[in-house]
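# Residue-level structural notes
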Amino acid sequence: NMANFVVQRKAPQELLPDDIEAVKKCCLAEGWGPYTRPDDLSHFYSGPPFIESGTFIGVLDGEIIGHVVASKYGDSTNGGGVQYIAIFIVEKPQRGKGYGLKIWN
């Protein structure tokens, strides 16, 4: 139900351990092993060369069901660096309902 769905934007320093665990849980369910070890996600939330990062968390009825992790790598002076989406995932039972699009936007 979209009425019970919210998207939270969090900067790296705002992420709680439960937020990171929820990302890892989704990745593990998909077999994305590289993102399930404790230190594998930390580079998305740390300083240089990952100079900017943000996570958009989809919450349905108080439960985290999806994430978009965006990062910028490299020197940002004069428009430099590379921006990319590191993780975009919605839990399988919630797919096809518009939640991923809502997180993305």
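First, a word on scope: everything that follows refers to the structure included in this document. Treat the numbers as computed from the prediction; the structure is a model and nothing was measured. (Residues numbered from 1 in each chain as written. Predicted model: local features only at pLDDT ≥ 70, side-chain atom pairs only at ≥ 80, totals over all residues. Heavy atoms only, no water.)

Bringing the overall build of the protein into the picture now. For the protein, the helix and strand inventory stands at two helices and four strands. Within the protein, buried positions represent 38% of all 105 residues. If you sum the accessible surface of the protein, you get close to 6100 Å²; carbon and sulfur atoms cover 54% of it. (Helix = DSSP H or I, 4+ residues; strand = E, 2+ residues; numbered from the N terminus. Buried < 20%, exposed > 50% of the residue type's maximum accessible area, 1.4 Å probe, protein only. Areas by Shrake-Rupley, 256 points an atom, 1.4 Å probe, with all protein chains shown as cover.)

The tally for this structure, following the rule as stated, stands at two aromatic pairs. Aromatic side chains phenylalanine 5 and tyrosine 99 sit 4.6 Å apart centroid to centroid with 45° between the ring planes, which places their arrangement in the tilted category. Of this pair, phenylalanine 5 sits in strand 1 (residues 5-10) while tyrosine 99 sits in helix 2 (residues 99-104), and the two are 94 residues apart along the sequence. When sorted by exposure, phenylalanine 5 lands in the same class as tyrosine 99, which is buried. Ring geometry for phenylalanine 88 against tryptophan 104: centres 5.0 Å apart, planes inclined by 35°, an arrangement best described as tilted. (Phe/Tyr/Trp six-rings, centres within 6.5 Å; stacked < 30°, edge-to-face > 60°.)

As a further point, take the pattern of salt bridges. Applying the stated criterion across every chain, the model contains four salt bridges. Salt-bridge contacts for glutamate 91 lead to lysine 25; the nearest nitrogen and oxygen are separated by 3.9 Å. Of the two residues, glutamate 91 sits in the loop between strand 4 (82-90) and helix 2 while lysine 25 sits in helix 1 (residues 17-29), which places them 66 residues apart along the sequence. Judged by its relative accessible area of 56%, lysine 25 falls in the exposed class. (Salt bridge = Lys/Arg side-chain N within 4 Å of Asp/Glu carboxyl O.)

The next point concerns the side chain of histidine 67. Topologically, histidine 67 is positioned in strand 3 (residues 63-73). Judged by its relative accessible area of 0%, histidine 67 is buried. Among all residues touching histidine 67, those that are not within four sequence positions of it are Asp19, Ala22, Val23, Cys26, Phe56, Ile57, Ile87, Phe88, Ile89 and Ile103. (Contact = heavy atoms within 4.5 Å.)

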